[in-house]
Amino acid sequence: MRFLVLAGLLLAAIWMIRRSMRPASSGPSESADTAKLVQDPICKTYVPVDSAIQVNKQGKTHYFCSDRCAAAFQQTPD
Ligand SMILES: [Zn+2]
């Protein structure tokens, strides 16, 4: 039991040392150049937020792959 606690502390220490050795801007998964994907609620396609068609409805922003999907969305009763 005590061994497990020590092993856990050791792993935590290694993790903290590794973390402190990294540059301030963290791992590649969080890099700014990775485009954020949003889902088109009409055709369920994922589109990069930069190139998506944005429609504001009831204070909420919705994203679409094309004008067609945006138009279809605006025609649906809500
Ligand atoms: Zn679409």
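It should be noted that the structure appears before, not after, this text.
Residues numbered from 1 in each chain as written. Predicted model: local features only at pLDDT ≥ 70, side-chain atom pairs only at ≥ 80, totals over all residues.

1. Remarks on the overall build of the protein chain
Here is step 1: When its secondary structure is counted, the protein chain shows two helices and four strands.
Here is step 2: Mapped from its N terminus to its C terminus, the protein chain presents α and β elements in the order α-β-β-β-β-α.
Here is step 3: Per-residue burial for the protein chain yields a buried fraction of 9% across its 78 residues.
Here is step 4: When contacts within the protein chain are restricted to residue pairs at least 6 apart in sequence, those whose partners lie at least 24 apart make up 19%. (Helix = DSSP H or I, 4+ residues; strand = E, 2+ residues; numbered from the N terminus. Buried ≥ 20, exposed ≤ 12 C-beta atoms within 10 Å, placed from the backbone. Contact = placed C-beta atoms within 7 Å.)

2. Some thoughts on the environment of aspartate 40
Here is step 1: Structurally, aspartate 40 is set in the loop between strand S1 (37–39) and strand S2 (46–48).
Here is step 2: Distance from aspartate 40 to serine 66, taken between C-alpha atoms, is 9.0 Å for residues 26 residues apart in sequence.
Here is step 3: Residue contacts for aspartate 40: discarding those within four places in its chain leaves Thr45, Val47, Tyr63, Phe64, Cys65 and Cys69.

3. Details of the pairing of strand S3 (residues 53–57)
Along a regular strand, successive side chains alternate from one face of the sheet to the other.
Here is step 1: Here S3 lies mainly on the outside; zero of its five residues are buried.
Here is step 2: Pairing of S3 with strand S4 (residues 60–64), which is carried by five bridges, proceeds in the antiparallel orientation. Note on S4: the bridge partner recorded for asparagine 56 is threonine 61.
Here is step 3: Between S3 and S4, which pair antiparallel in sequence order, lie two residues; one of them, glutamine 58, sits at a positive phi of approximately 50 degrees. (Pairing = 2+ DSSP bridges.)

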